[in-house]
Amino acid sequence: MYETSDIRKGLRVEIDNNPYVVIDFQFVKPGKGNAFTRTRIKNMLTGAVLDRTFKTGEKLKPANMEDKAAQYLYKDSACHFMDTSNYEQLEVSMDQVGDAINYLVENMEVNLSFYNGRAIGITLPNFVILEIVDTAPGEKGNTVTGATKPATLSTGHMVYVPLFFATGEFVKVDTRTGEYVERVKVK
């Protein structure tokens, strides 16, 4: 069992027989009365977000979650993965994949999250390297500090990159924020 002092971002707990992940939390110690922890939690099955307050000393049940390493294969009406331990193919619905679809590339290693034996979501690596497939050409002399332009990546996702980037270059993208990090040389 977790204590309220164990609450942090990413903590997985079970409330009312549903798995939740803590999105945000704040410890509050008012001048009068008992301390409490205000949280924002997301249902991992439905995606619903709740605001929940826990009194200091309350116990939280850990979610019956299991993570397995998997390799992304392809997508059709769902995303298909291969469990790297036993080579079994697994199907995860597009709703459960969510925004992660913007960063999935064939043969990418990810972690699949299972709740009571059912795949309910994926965890991507923090950074992925993707190719720019479409962007406006850079203009010579346009050197305003921090100026950016939209660029479409090989997965169809759009990010903003500096003006000097061209089609065919590779960029590192942070999967947590969806933002461009740096240019990458691919040999």
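Look a little higher up for the structure.
This report concerns the structure included in the present document.

1. Looking at the nonpolar core
If you look at the biggest cluster of nonpolar residues, it comprises 28 residues, and the most contacted ones within it are Phe-81, Val-97, Leu-104, Leu-112, Ile-122 and Leu-124. Not counting the four nearest positions on each side in its chain, Leu-124 is found in contact with Ala-100, Tyr-103, Leu-104, Met-108, Val-110 and Thr-175.

2. As for the environment of Lys-32
Considering the arrangement of structural elements, one finds Lys-32 in the loop between strand E3 (18-28) and strand E4 (36-43). Residue classification places Lys-32 among the exposed positions, given a relative accessible area of 76%.

3. Concerning the packing of aromatic side chains
Under the defined criterion, the tally for this structure stands at three aromatic pairs. On the basis of an interplanar angle of 40° and a centroid distance of 5.1 Å, the ring pair of Phe-164 and Phe-165 is categorised as tilted. Residue classification places Phe-165 among the buried residues on the basis of a relative accessible area of 1%. Relative to Tyr-180, the ring of Phe-165 lies with its centre 5.3 Å away and its plane at 85°, an arrangement referred to as edge-to-face. Within this pair, whereas Phe-165 is found in the loop between strand E14 (158-162) and strand E15 (170-174), its partner Tyr-180 is found in strand E16 (residues 179-184), the two being separated by 15 residues in sequence. Here the aromatic residues Phe-164, Phe-165 and Tyr-180 are joined through ring pairs into a cluster of three or more. The lysine or arginine in question, Lys-68, covers the ring of Phe-114, its NZ or CZ lying 4.9 Å from the ring centre.

4. As for the sheet that holds E14
Strand order in the open sheet made by the five strands is E14-E13-E12-E15-E16, with antiparallel pairing throughout. The strands lining the two open edges of the sheet, one partner per strand, are E14 and E16. Strand after strand, the sheet turns through a mean of 50° between neighbouring axes, direction not considered. Taken together, the five bridges between E15 and E16 define a ladder with antiparallel strand orientation. Looking across to E16, one finds that Phe-170 is bridged to Val-184.

5. Topic: the pairing of strand E10 (residues 109-115)
With five of its seven residues buried, E10 lies for the most part within the structure. Looking at chain direction, strand E7 (residues 65-75) and E10 are connected through seven bridges and run antiparallel. What sits directly across from Lys-68, in E10, is Leu-112. A loop of two residues connects E10 with strand E11 (residues 118-123), the two strands running antiparallel in sequence, and Asn-116 in this loop sits at a positive phi of about 50°.

Quick notes on the rules
Residues numbered from 1 in each chain as written. Predicted model: local features only at pLDDT ≥ 70, side-chain atom pairs only at ≥ 80, totals over all residues. Heavy atoms only, no water. Core = buried A, V, L, I, M, F, W, Y, C linked by side-chain atoms within 4.5 Å. Buried < 20%, exposed > 50% of the residue type's maximum accessible area, 1.4 Å probe, protein only. Contact = heavy atoms within 4.5 Å. Helix = DSSP H or I, 4+ residues; strand = E, 2+ residues; numbered from the N terminus. Phe/Tyr/Trp six-rings, centres within 6.5 Å; stacked < 30°, edge-to-face > 60°. Lys NZ or Arg CZ within 6 Å of the ring centre and 35° of its normal. Pairing = 2+ DSSP bridges. Axes fitted to C-alpha atoms, helices over the stretch in contact; angles between N-to-C directions.

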